[in-house]
Amino acid sequence: MAVPATSLPPLLKDELDIVIPTIRNLDFLEQWRPYLSPYHLIIVQDGDPTKVIKVPEGYDYELYNRNDINRILGPKASCISFKDSACRCFGFMMSKKKYVFTIDDDCWVAKDPQGNEINALEQHITNILSPSTPFFFNTLYDPYRKGADFVRGYPFSLREGVPTAISHGLWLNVPDYDAPTQLVKPAERNTRFVDMVMTIPKGTLFPMCGMNLAFDRSLIGPAMYFGLMGDGQPIGRYDDMWAGWCCKVICDHLGLGVKTGLPYIHHSKASNPFVNLKKEYKGIFWQEEIIPFFQQVQLPKEAVTVEQCYIELSKQVKEKLTGVDPYFTKLADAMVTWIDAWTEINSGSSKTAVANGTPKVSKSK
Ligand SMILES: O=c1ccn([C@@H]2O[C@H](COP(=O)(O)OP(=O)(O)O[C@H]3O[C@@H](CO)[C@H](O)[C@H]3O)[C@@H](O)[C@H]2O)c(=O)[nH]1
Ligand SMILES: [Mn+2]
């Protein structure tokens, strides 16, 4: 019988923030209470800043709306998307913790095949705190999980693994399909629970979904920029994809690991495929050129920090992708603005969080 999650002390309670992008009241947090209420939330309110977002009692949080973003970042706020879940990366920037878990407000606690609730955050923490194996594939998947190990023929020199930077979770019910797939398979639901965590091999890109994602902010935070999406931009719903491609090439360069698989969340809402098609349209054919770009990216050995890698990447984006569309010049510049803002905010020289950004004292625990 699994030990109920609530009986375990909250792992990394003071070292992890939960970032939620939202345009609605956060009632979904009621269901997550046993698992998430010990942690500090950073809520990034998108859309109309005059709308009041209700947060269930008993949660400790700070909330930033567009007015806060503009006040805190000034002109640099131009790099934070508006009217798109990409805004969540502002929460990554404002966090002061080593780890971040980000979740969408239509993601619910899932159940495993035995009917037990899945503490997604606990599994992400397990994934992040155990090493990754990007250099040699272990056919028994994650060798650090209980009941598994490295198989015969796995080099002992590689068994220490590397630090894990990203833990990419999955979704039961509504899978993260692109609009064309949603259109041709509107009723398809993911009911398959696969009890697996694996390291994504070095040199392999992956489509990172932002709705159930955790990462080590100290290892890869500055690369978790979700790009220029939504209002005023020619593309949407490629925010997390862009961040994932940038992060993966930088993780490969710096010898960091990316894992995918458990945990699952239950994704409830299928966003409108027609609206999604409009947002994704350009991305669907641009990505046929973006992926080969990332596959050929070489970062100089002198680039030894995430920031240095990211600035170098922005130069290559401007040089090699502007031919696809002038948007990539804007995006490359925004990547630099993001790093400037990240450095300013995280060097302590910035405006402290005030007004809406002031941490709210939880009314009752
Ligand atoms: O303008 C907006 C719209 C929504 N949000 C918040 O972002 C998340 C996701 O919104 P939603 O669940 O409605 O959309 P999905 O299509 O299911 O999102 C997933 O697809 C990808 C979009 O890039 C991404 O992997 C997932 O986010 C919710 O919390 C909304 O409240 C917003 O902030 N601004
Ligand atoms: Mn959703």
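Bear in mind the structure is a predicted one, so any value in this text is a computation, not a measurement.

Reading the values: the criteria
Residues numbered from 1 in each chain as written. Chains lettered and ligands numbered in written order. Predicted model: local features only at pLDDT ≥ 70, side-chain atom pairs only at ≥ 80, totals over all residues. Heavy atoms only, no water. Phe/Tyr/Trp six-rings, centres within 6.5 Å; stacked < 30°, edge-to-face > 60°. Helix = DSSP H or I, 4+ residues; strand = E, 2+ residues; numbered from the N terminus. Buried < 20%, exposed > 50% of the residue type's maximum accessible area, 1.4 Å probe, protein only. Lys NZ or Arg CZ within 6 Å of the ring centre and 35° of its normal. Near = heavy atom within 4 Å. Polar contact = N/O pair within 3.5 Å; in protein donor to acceptor, adjacent residues only side chain to side chain. Areas by Shrake-Rupley, 256 points an atom, 1.4 Å probe, with all protein chains shown as cover. 1 Å grid on protein atoms, 1.4 Å probe; cavity = no way out; pocket = protein on both sides within 12 Å on 5 of 7 lines; lining within 4 Å. Sits in = over half its atoms within 2 Å of the grid points. Nonpolar A, V, L, I, M, F, W, Y, C, P; charged D, E, K, R; others polar.

Some remarks on the packing of aromatic side chains
In this description, a pair of aromatic rings is defined by centroid distance and the angle of the planes. Taken as a whole, this structure holds 20 aromatic pairs when the rule is applied. Ring centres of Tyr281 and Phe285 lie 5.3 Å apart, and the angle between their planes is 75°; this geometry places the pair in the edge-to-face category. With Tyr281 and Phe285 both in helix H8 (residues 273-296) and four residues apart, the pair spans about one turn of that helix. What makes Phe285 partly exposed here is its relative accessible area of 43%. Here Trp338 and Trp342 contribute two aromatic rings whose centre-to-centre distance is 5.6 Å and whose plane-to-plane angle is 50°, an arrangement assigned as tilted. Separated by four residues within a single helix, Trp338 and Trp342 lie in helix H10 (residues 327-346), roughly one turn from each other. Each member of the aromatic cluster is reached from another via a ring pair, and the members are Tyr238, Trp242, Trp245, Trp286, Phe293, Phe294, Tyr327 and Phe328. Above the ring of Phe156, the side-chain terminus of Arg159 is found at 3.6 Å from the ring centroid.

Description of the site of ligand 1
Near ligand 1 there are 22 residues, and of these Asp104, Asp105, Arg237, Asp240 and Ser271 occur at the shortest range. Between an oxygen atom of ligand 1 and a main-chain N or O atom of Ile23, the distance comes to 3.3 Å. Within the side chain of Arg237, one N or O atom sits 2.4 Å away from an oxygen atom of ligand 1. For ligand 1, the protein covers 90% of the area, taking 650 Å² as the surface of the free molecule. Mapping ligand 1 onto the cavity grids shows that it belongs to the largest pocket. Of all the secondary-structure elements, those providing two or more residues to the shell around ligand 1 are strand S1 (16-22) and helix H7 (239-254). In terms of residue class, the shell around ligand 1 is made up of four nonpolar, five polar and 13 charged.

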